[in-house]
Amino acid sequence: MAVGHSVAAGRWQWQWQFDELTGRVGGRFVRVETRRTAARMLGAMVSELPVKNCWTLAEHAGDRSPDAMQHLLASAVIDEDGLRDDLRDYVIEHLGDIDATLVVDETGDLKKGVHTVGVQRQYTGTAGRIENSQVAVYLTYATAAGHAFIDRALYLPKSWSSDPARCQRAGVPGDVRFATKPALAKRLIIDALDAGAPAGWVTGDEVYGGDPKLRCALESRGTGYVFAVACDHRVTTATGRVRADALAATLPKQAWQPLSAGEGAKGPRIYDWAFIEIGPDSDKVLPGCRWLMIRRRRRSGELAFYRCWNREAVPLARLVKVAGRRWSTEENFQTGKGLAGLDQHQVRGWRSWHRWTLLAMLAHAFLTVLAITHHADAPASAGLIAVTRNEIRHLFTTLVRTPAGPLAHRLGWSLWRRRHQYRARTSHYRRRSAATTVPG
């Protein structure tokens with residue numbers, strides 16, 4: 001009963017928090033009309049709509065058509081870099097901790113056709129295979145309190161960067177060049193650190209751990225890292241360069257320690273861990289401590305490898321804790337796509353993609369902040385888990401944000417959709433007819 005009362009009492013607080021967020025970012029939109037459209041769009045993005053695009057968001061928000069939201073994404077005057085800074089500052093204000101970890105990872109959105117910016121047949125973990133997809137690198141800010149996205153970068157394959165005409169049609173700026181995923185991650189991390197984001201560590205998977213330029217950039221800044229590497233990754237020892245799996249095979253039984261990498265859905269994620277001191281890869285030695293850390297699954301014996309660095313020695317448990325935070329970005333991808341529509345954009349251009357992802361990350365961050373602040377304010381209650389982002393979205397939608405519901409509004413949208421689809425179908429038939437007509 002006390003928890004139910006707390007949730008109901010939080011209704012006005014949640015509305016105030018939403019208004020505070022939209023007010024915080026409002027100055028990034030030059031025109032007041034665009035500012036109001038962005039607020040309506042954010043409100044619809046945190047709703048329980050099963051599909052989120054400009055059509056469904058606009059109907060939910062009470063707009064008569066998707067024109068205003070489409071204009072916001074495609075051509076409105078917006079300070080996008082400032083909006084990104086506002087997102088980062090908002091997350092750090094509520095989650096900021098010097099013990100924080102920056103987590104880099106990429107995700108793919110499956111796409112049809114060849115016109116969506118950055119799309120090509122490429123491997124994506126979303127499908128677990130090579131698919132026609134669009135891939136982007138995301139940066140997560142993770143602490144003991146919670147985690148949320150603070151930046152992203154779209155991966156532009158060489159098939160795009162080497163085709164200026166194709167890039168121009170998609171609105172890609174002329175100064176954008178091909179960059180690898182580790183290079184994109186490096187830019188995101190350095191931007192966040194330069195902006196003062198309190199974070200002592202960075203972690204990521206093998207894509208980033210195998211890149212010496214990224215590792216060197218972090219070492220030169222004095223930022224610790226724990227990056228996954230492949231089993232054939234070579235490290236420097238007193239006897240020379242050896243493969244990671246070969247070095248792991250030399251470990252005695254007493255070198256392994258059972259440690260938790262953090263809480264999972266079914267409890268602590270406990271593995272056996274060990275680490276070995278290693279040397280630098282080149283003569284350009286930067287001060288600090290280097291390790292190869294190995295994780296072993298307790299049932300199967302399967303091994304995973306991590307390359308680690310820090311300015312000073314730390315215990316194995318500290319490195320394990322950083323490695324465990326890499327899972328936070330996987331959870332963010334799941335909740336960002338499932339709750340805020342991060343992957344549901346139906347846009348093709350560079351500008352529209354960047355604006356959609358910014359707004360979706362803001363919506364996701366808002367749900368994160370609501371969840372952690374409610375958990376902090378609510379009284380402890382036996383037999384209940386902490387309020388999740390999914391539950392917060394449901395409560396916020398039910399108690400605070402209700403969709404525009406007059407019958408005339410719903411009927412008007414039905415007419416709008418049918419009229420638009422009729423014009424699209426007619427135009428398609430005309431193009432197909434013209435393409436198949438044989439000149440007399």
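Every chain is numbered on its own, with residues counted from 1 as its sequence reads. Only residues with pLDDT of at least 70 get local features here, since the model is predicted, and only at 80 or more are side-chain atom pairs given and counted; chain-wide, interface and lining totals rely on the full set of residues. Side-chain metrics in this entry use all non-hydrogen atoms of the structure; hydrogen atoms and water are not considered.

Moving on: the nonpolar core. Residues belong to a common nonpolar core when they are buried Ala, Val, Leu, Ile, Met, Phe, Trp, Tyr or Cys residues joined through side-chain atoms within 4.5 Å. Summary of the burial criterion: residues with accessible area below 20% of their type's maximum are buried, those above 50% are exposed, and those between are partly exposed, where the area comes from a 1.4 Å probe applied to protein chains only. Within the largest apolar cluster, 88 residues are counted, with the highest numbers of intra-cluster contacts made by Met 41, Leu 102, Tyr 141 and Ile 189. Once residues within four sequence positions are removed from consideration, Met 41 is found in contact with Cys 54, Leu 57, Met 69, Leu 72, Leu 73, Trp 356 and Leu 359. The next biggest cluster of nonpolar side chains, apart from the first, holds 18 residues, and it includes Met 293, Ala 304, Val 314 and Ala 323. Contact between two residues is taken to exist if any of their heavy atoms lie within 4.5 Å; hydrogens are not considered.

Another point: the pattern of salt bridges. Basic side-chain nitrogens of Lys or Arg form a salt bridge, by our definition, when they fall within 4 Å of a carboxyl oxygen of Asp or Glu. Applying the stated rule across the entire model yields 25 salt bridges. Here Arg 355 ties to Glu 80 by a salt bridge, and the two come within 2.7 Å at their closest N and O atoms. Placement of the pair is Arg 355 in helix 14 (residues 350-377) and Glu 80 in helix 5 (residues 80-95), with a sequence separation of 275 residues. Notably, a salt bridge pairs Asp 281 with Arg 215, separated by 3.0 Å at the nearest N-O pair. With a gap of 66 residues between them, Asp 281 in the loop between strand 10 (267-277) and strand 11 (289-296) and Arg 215 in helix 10 (residues 212-221) connect regions that are remote in the sequence. Taking relative accessible area as the criterion, Asp 281 reaches 37% and is therefore assigned partly exposed. Ionic contacts of the salt-bridge type, sharing partners, join the residues Arg 84, Asp 85, Arg 88, Asp 151 and Arg 152 into one network. For helices the rule is a DSSP run of H or I covering at least 4 residues; for strands it is a run of E covering at least 2, with both sets numbered from the N terminus onward.

For strand 12 (residues 303-310), the tally of buried residues reaches 7 of 8 residues, placing the bulk of the element in the interior. Direction of pairing for strand 6 (residues 224-229) relative to strand 12: antiparallel, over a ladder of 5 bridges. Bridged to Val 226 within strand 12 is Cys 308. Following strand 11, the chain reverses through 6 residues before pairing antiparallel with strand 12; Gly 301 in that reversal takes a positive phi of roughly 80°. Here, strands pair whenever DSSP counts at least two bridges between them.

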